[in-house]
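# Observations on the model geometry
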Amino acid sequence: MVKANRGGLGEMRLYIGIILFIAGIALWHRSERTPGRGPRWLGRLGLGGGALGISTLAMTQSGLAWTITSICFSLVAITLLAWVILDVIRR
């Protein structure tokens, strides 16, 4: 079976996933280390970015389990980011 050339799209997703995951973890770590210096929603933003990164990384793999994992982490990210947006709008 011959695979179609996707033009490096899988490799780009891998890098985007890694960057999102690292940025999310860095935001979460910063908010936990110095809780009084930033907004309260910074930790949730970091967790949402990390979940989005994991979802993107799972998308680079093939198989049903990886697809379900990607969908679940996308839902977690959407929920956390919506929670952050609502918190910002309320203020």
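I will try to describe carefully the structure that is included in this document. (Residues numbered from 1 in each chain as written. Predicted model: local features only at pLDDT ≥ 70, side-chain atom pairs only at ≥ 80, totals over all residues. Heavy atoms only, no water.)

### Structural notes on the overall build of the protein
Selection criterion: Secondary structure follows DSSP: runs of H or I at least 4 residues long count as helices, runs of E at least 2 residues long count as strands, and numbering of each begins at the N terminus. Any pair of residues with heavy atoms lying within 4.5 Å of one another is described as a contacting pair. For the area figures, the Shrake-Rupley method with a 1.4 Å probe applies, and any residue is considered shielded solely by the protein chains shown.
Helix and strand content of the protein: three helices and zero strands. The helix and strand sequence of the protein, counted from the amino end, reads α-α-α. Counting contacts in the protein only where the partners sit at least 6 residues apart, residues at least 24 apart contribute 62% of the total. Accessible surface, the protein as shown: approximately 6,600 Å² in total, 69% of it carbon and sulfur.

### Considerations on the packing of aromatic side chains
Under the convention used in this document: Any pair of Phe, Tyr and Trp rings, taking the six-membered ring for Trp, is counted once the centres come within 6.5 Å. Such a pair is stacked with planes under 30 degrees apart, edge-to-face with planes over 60 apart, and tilted for the rest. Our definition puts a charge over a ring when NZ of Lys or CZ of Arg is within 6 Å of the ring centre and also within 35 degrees of the ring normal.
Following the criterion strictly, the structure yields zero aromatic pairs and no others. A cation sits over an aromatic face here: Arg44 above Trp83, 4.2 Å from the ring centre.

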